[in-house]
Amino acid sequence: RQAYAQRQQATNAVRHTLEALNGQYGQLIATSDKQARGFALEKLLRELFAVFDLDPKASFRIEGEQIDGSFVFENADFLFEAKWHGPPISAESLDAFAGKVERKFDAKGLFLSINGFSQEGVTAHSNGKKVLLLMDGGRGQVNIAQQVLDELHLNIPVCGMVKDDNHRTRGLYF
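About the cut-offs
- Residues numbered from 1 in each chain as written.
- Predicted model: local features only at pLDDT ≥ 70, side-chain atom pairs only at ≥ 80, totals over all residues.
- Heavy atoms only, no water.
- Buried < 20%, exposed > 50% of the residue type's maximum accessible area, 1.4 Å probe, protein only.
- Helix = DSSP H or I, 4+ residues; strand = E, 2+ residues; numbered from the N terminus.
- Right-handed = clockwise from strand over helix to strand, strands pointing away.
- Core = buried A, V, L, I, M, F, W, Y, C linked by side-chain atoms within 4.5 Å.
- Contact = heavy atoms within 4.5 Å.
- Phe/Tyr/Trp six-rings, centres within 6.5 Å; stacked < 30°, edge-to-face > 60°.
- Polar contact = N/O pair within 3.5 Å; in protein donor to acceptor, adjacent residues only side chain to side chain.
- Axes fitted to C-alpha atoms, helices over the stretch in contact; angles between N-to-C directions.
- Parallel < 35°, antiparallel > 145°, perpendicular 65-115°, else oblique.
- Nonpolar A, V, L, I, M, F, W, Y, C, P; charged D, E, K, R; others polar.

Undergrad: Before we go on, may I ask you to explain the pairing of strand S5 (residues 107-113) in this structure?
TA: On a regular strand, one side chain projects to one face of the sheet and the next to the other, so that they alternate. Judged by how many residues are buried, S5 sits mostly within the fold: six of seven residues are covered. In this fold, strand S4 (residues 76-83) hands off to helix H3 (residues 91-103), which returns the chain to S5; that crossover is right-handed.

Undergrad: So what exactly am I meant to see when it comes to the nonpolar core here?
TA: When a protein is soluble and globular, its nonpolar side chains tend to lie buried together. If you look at the biggest cluster of nonpolar residues, it comprises 20 residues, and the most contacted ones within it are Leu-41, Leu-45, Phe-49 and Phe-71. Secondary-structure elements contributing two or more residues to this core are helix H1 (2-29), helix H2 (34-51), strand S3 (69-73), S4 and S5. In terms of residues, this core owes the most to one element, H2, which gives six residues. Those residues in contact with Phe-49 that sit more than four places away from it in its chain are Leu-54, Pro-56, Phe-71, Phe-80 and Leu-110.

Undergrad: Help me understand unusual backbone geometry in this model?
TA: Negative phi characterises most residues that are not glycine, and trans characterises most peptide bonds. Despite not being glycine, Asp-55 shows a phi value in the positive range, around 50°. Here Asp-55 shows up in the loop between H2 and strand S1 (60-62). Despite not being glycine, Asn-75 shows a phi value in the positive range, around 65°. Relative to the elements of secondary structure, Asn-75 occurs in the loop between S3 and S4.

Undergrad: Whenever I open this one, the packing of aromatic side chains confuses me. Can you help?
TA: Pairs of aromatic rings are described using the distance from one ring centre to the other and the angle between the two planes. Summed over all chains, the structure comprises six aromatic pairs. Taken together, a centroid distance of 5.5 Å and an interplanar angle of 85° make the contact between Phe-97 and Phe-111 edge-to-face. Within this pair, whereas Phe-97 is found in helix H3, its partner Phe-111 is found in strand S5, the two being separated by 14 residues in sequence. On the basis of relative accessibility, which here comes to 1%, the residue Phe-111 falls in the buried class. Taking the centre distance of 5.7 Å and the plane angle of 70° together, the rings of Phe-111 and Phe-117 count as edge-to-face.

Undergrad: Explain the side chain of Glu-81 here, please?
TA: Looking at the secondary structure, you find Glu-81 in strand S4. Among the residues examined, Glu-81 registers a relative accessible area of 7% and is labelled buried. A polar contact of 3.1 Å, which involves the side chain of Glu-81, links it to the side chain of Lys-83. Dropping the residues within four chain positions of it, Glu-81 is found in contact with Gln-66, Asp-68, Phe-97, Lys-100, Leu-110, Phe-111 and Leu-112.

Undergrad: Is there a simple way to explain the packing of H1 against H2 in this structure?
TA: The relative placement of two packed helices comes down to the angle between their axes together with the axis-to-axis distance. H2 packs onto H1 with a crossing angle of 170° between their chain directions and a minimal axis gap of 11 Å. By the angle between their axes, H1 is roughly antiparallel relative to H2. Counting all contacts with H1, which are made through Val-14, Thr-17, Leu-18, Leu-21, Gln-24, Tyr-25 and Leu-28, the residues of H2 involved are Arg-37, Ala-40, Leu-41, Leu-44, Glu-47, Leu-48 and Val-51. Broken down by class, the residue content of the contact of H1 with H2 amounts to ten nonpolar, two polar and two charged.

The analysis is restricted to geometry; functional conclusions fall outside its scope.
What follows is the structure, encoded as structure tokens:
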């Protein structure tokens, strides 16, 4: 009984933290200062990664390159890039991030784009050496990502973004 109560308490604590992060994300949606919103998104992601014990690191510079952050999953280093601006992310932006990832020994990359990815970017990074995981909201995309992770026997938590009719994010789901 005591072990069950402890597991329930831990589960409730995680749920509470995720709800708080969802509330913070909701506040970011209303933020008009794009640069402040971007920095706040990076902080929120680090906190989300910490909930799942992914050993997140804050943004840093290496050899003149800005990295939004990093985390560790199953002894693998991941660099992450988070963008919340304008049109869908282009192939050129994905190429630049892939270059950063490839220059770091044995790393992988997670690119989160609130406004999605251009078709040419997705196509360009769906072939050849796979170094990037591209994430953009939607329950359908999250379900597909979860299926792929399951097929690869990777236990990686996935969350998604709920968007309104104007393609603006209005919430997160886990």
